[in-house]
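# Structure assessment
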2 protein chains.
Amino acid sequence: MESKSAVNMLSALGHEGRLAIFRLLVKAGPQGVAAGDVARALDVLPNSLSANLSILAHAGLVTSRREGRSIIYSADYGAMSGLLGFLMEDCCDGAPEICSPLNAVLARVEACGPACAPKSPA
Amino acid sequence: MESKSAVNMLSALGHEGRLAIFRLLVKAGPQGVAAGDVARALDVLPNSLSANLSILAHAGLVTSRREGRSIIYSADYGAMSGLLGFLMEDCCDGAPEICSPLNAVLARVEACGPACAPKSPA
DNA sequence: TCCATATTTCCATTATTCTCGAAATATGAG
DNA sequence: CTCATATTTCGAGAATAATGGAAATATGGA
C-alpha cells in the first residue's frame, strides 16, 4: 500500500458520518447494503450519503454494484486489511516477533470478503 | 472506544505529514524519538512538526515526555490497538469466527508498549 | 547572568472540505 | 410513454484546516 492510498483512506474515515457508514458496512458483511437502507439506518440526506459513499469508494474502502433500482455498497476487506497492515508496518523495529502476528490476522480479515456469508444465505 | 475518539484519530492520521510522523514513531518503538530528530528525519519545519505532533497527541495517538532540552514522542500502541479494534468491531456480523482473531493480535499490539525494547537497550 | 539549543505559540493567508437545496439521471412497473 | 422509486450531480455559502514566518518559552551550560 502506498502512503497516498493510506492517507486517502484515513481521511475518508476521519469524518463522523463516513465512519458510521463504513462501520455499518463492515458489520453487514460482504453481502452489502443498499444506499437507501444506509440512509434510513443512519438518518442522513440521500445526497450527503451519496457524496460520502463516493468518497469512501474513491478511497477504495467500499465497492458498489447495481441491483435493480438500488446500488449496493459493501466494505472492501482487502483494502481494510492493507490499511491496518500499513499502519503497523515495521512496528517496533527490532522486536518484530511481538507485533508481526498482525500479518496472520490481516490475511484472515482479507479472506473475510468471499468467505463470510452471514444470516441471509442470499 | 467512542466514535468521536476514533474520528479524531483517523482524521489526525489522514494527513500525509502526520501519517509519516506516526509511522516513524511506530517503527521507532516505545523508546520514542525527539521532536527535533523527527523534524530532521522528515525534513519539515519545526513549527509545522510541533503543530502536527500536537494534533496527534490530542487525538491520543502519541505521548510525550521531556528529557533534558528535548521532548520525546512515542506512539501509543494501546490507542492504536483500540482504533484497529473499533474499525473491525462486529466485523461480518454472523460470522465472527472469521474476523475476531483480530482481538488476539490487538492484545499483543497493545502489549508492545512496555514489552518491546529495540536495538539500543537504553 | 548570558548564550545556544529545542520546541512551541501566535498570526494571517490560502486552500480545502462540509452542508444542503434543487435539479438531473437511471431503473422498473403499469 | 408516464410515473414512482433510487441515487447522483450541481452549485453556493459557511466552516474548518494547512502553511510558514516571526516571536516567545523552556532547559542546560559557561
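Before any of the text, the structure's been laid out above.
Now for a description of the structure that goes with this document. For clarity, every value in this text was computed on a predicted model and none was experimentally measured. (Residues numbered from 1 in each chain as written. Chains lettered and ligands numbered in written order. Predicted model: local features only at pLDDT ≥ 70, side-chain atom pairs only at ≥ 80, totals over all residues. Heavy atoms only, no water.)

### Brief notes about the sheet that holds strand S2 (residues 62-67) of chain A
Residues and elements named next belong to chain A.
- A sheet is described by the order of its strands in space; here three strands give the open sequence S1-S3-S2, paired in antiparallel fashion. Edge positions in the sheet fall to strand S1 (33-34) and S2, since each of these pairs with one other strand and no more.
- For S1 and strand S3 (residues 70-75), the ladder comprises two bridges, and the chain directions are antiparallel. In the strand pairing of S3, Ala 34 is matched with Ile 72.
- Running over the sheet, helix H2 (residues 16-28) touches S1, S2 and S3 and is turned about 85° from S3. (Pairing = 2+ DSSP bridges. Helix = DSSP H or I, 4+ residues; strand = E, 2+ residues; numbered from the N terminus. Contact = heavy atoms within 4.5 Å. Axes fitted to C-alpha atoms, helices over the stretch in contact; angles between N-to-C directions.)

### As for the side chain of Asn 52 of chain B
All names here are of chain B.
- Mapped onto the elements, Asn 52 comes out in helix H4 (residues 46-58).
- Residue Asn 52 is classed as buried on the basis of its relative accessible area of 13%.
- In contact with Asn 52, not counting residues within four places along its chain, are His 15, Arg 18 and Ile 21. (Buried < 20%, exposed > 50% of the residue type's maximum accessible area, 1.4 Å probe, protein only.)

### Regarding the sheet that holds strand S3 (residues 70-75) of chain B
Residue and element names in this part refer to chain B.
- With respect to topology, three strands assemble into an open sheet ordered S1-S3-S2, the strand pairing being antiparallel. Sheet topology places strand S1 (33-34) and strand S2 (62-67) at the edges, where each strand pairs with a single neighbour.
- The sheet contact formed by S2 and S3 spans six bridges and is antiparallel. Looking at the pairing, Glu 67 lines up with Ser 70 of S3.
- Across the sheet, helix H2 (residues 16-28) touches S1, S2 and S3, and the angle it forms with S3 is around 85°.

### Observations regarding the packing of H2 of chain B against helix H3 (residues 35-42) of chain B
Residue and element names in this part refer to chain B.
- For the pair H2 and H3, interaxial distance at closest approach is 11 Å and the crossing angle is 115°. Every pair of crossing elements has a handedness; the one defined by H2 and H3 is right-handed. Where H2 abuts H3, its residues Ala 20, Ile 21, Leu 24 and Leu 25 lie against Val 38, Ala 41 and Leu 42.
- The class makeup of the residues in the contact of H2 with H3 is seven nonpolar, no polar and no charged. (Left-handed = near helix turned anticlockwise from the far one by under 90°. Nonpolar A, V, L, I, M, F, W, Y, C, P; charged D, E, K, R; others polar.)

### A look at unusual backbone geometry
All names here are of chain A.
- The phi dihedral of Asp 43 falls on the positive side, at around 55°, and the residue is not glycine.
- Note that Asp 43 resides in the loop between helix H3 (35-42) and helix H4 (46-58).
- With relative accessibility at 68%, the residue Asp 43 sits in the exposed group.

### Let's talk about the protein's contact with DNA strand D
- As a structural note, the neighbourhood of DNA strand D is formed by 17 residues, with Gly 36, Asn 47 and Tyr 73 of chain A together with Arg 18 and Asn 47 of chain B the closest of them.
- Sugar and phosphate atoms form 66% of the subset of DNA strand D atoms that lie within 4 Å of the protein.
- A distance of 3.0 Å separates a phosphate oxygen of DNA strand D from a polar side-chain atom of Ser 50 of chain A.
- One of the side-chain N or O atoms of Arg 18 of chain B is found 2.9 Å from a phosphate oxygen in DNA strand D.
- Counting only elements with at least two residues in the surface near DNA strand D, the list comes to H3, H4 and S3 of chain A.
- Residue composition of the surface near DNA strand D, grouped by class: six nonpolar, seven polar and four charged. (Near = heavy atom within 4 Å. Polar contact = N/O pair within 3.5 Å; in protein donor to acceptor, adjacent residues only side chain to side chain.)

### So, the nonpolar core
- With 67 residues, the main nonpolar core has Leu 13, Leu 25 and Leu 61 of chain A together with Leu 13, Leu 25 and Leu 61 of chain B as its most contacted residues.
- Residue contacts for Leu 25 of chain A: discarding those within four places in its chain leaves Val 33, Val 38, Leu 53, Val 62, Tyr 73, Ser 74, Ala 75 and Tyr 77 of chain A. (Core = buried A, V, L, I, M, F, W, Y, C linked by side-chain atoms within 4.5 Å.)

### Focus on the pattern of salt bridges
- Taken as a whole, this structure holds six salt bridges over all chains when the rule is applied.
- Residue Arg 23 of chain B is joined to Glu 89 of chain A by a salt bridge in which the shortest nitrogen-to-oxygen separation is 3.6 Å. Of this pair, Arg 23 of chain B sits in helix H2 while Glu 89 of chain A sits in the loop between helix H5 (77-87) and helix H6 (96-99), placing the two residues on different chains.
- Between Arg 40 of chain B and Asp 37 of chain B there is a salt bridge, with the nearest N and O atoms lying 3.0 Å from each other. Residue Arg 40 of chain B and its partner Asp 37 of chain B are both found in helix H3; the two are separated by three residues, about one turn of the helix.
- Using a relative accessible area of 63% as the deciding quantity, one classes Arg 40 of chain B as exposed.
- Since its relative accessible area comes to 39%, Asp 37 of chain B is described here as partly exposed. (Salt bridge = Lys/Arg side-chain N within 4 Å of Asp/Glu carboxyl O.)

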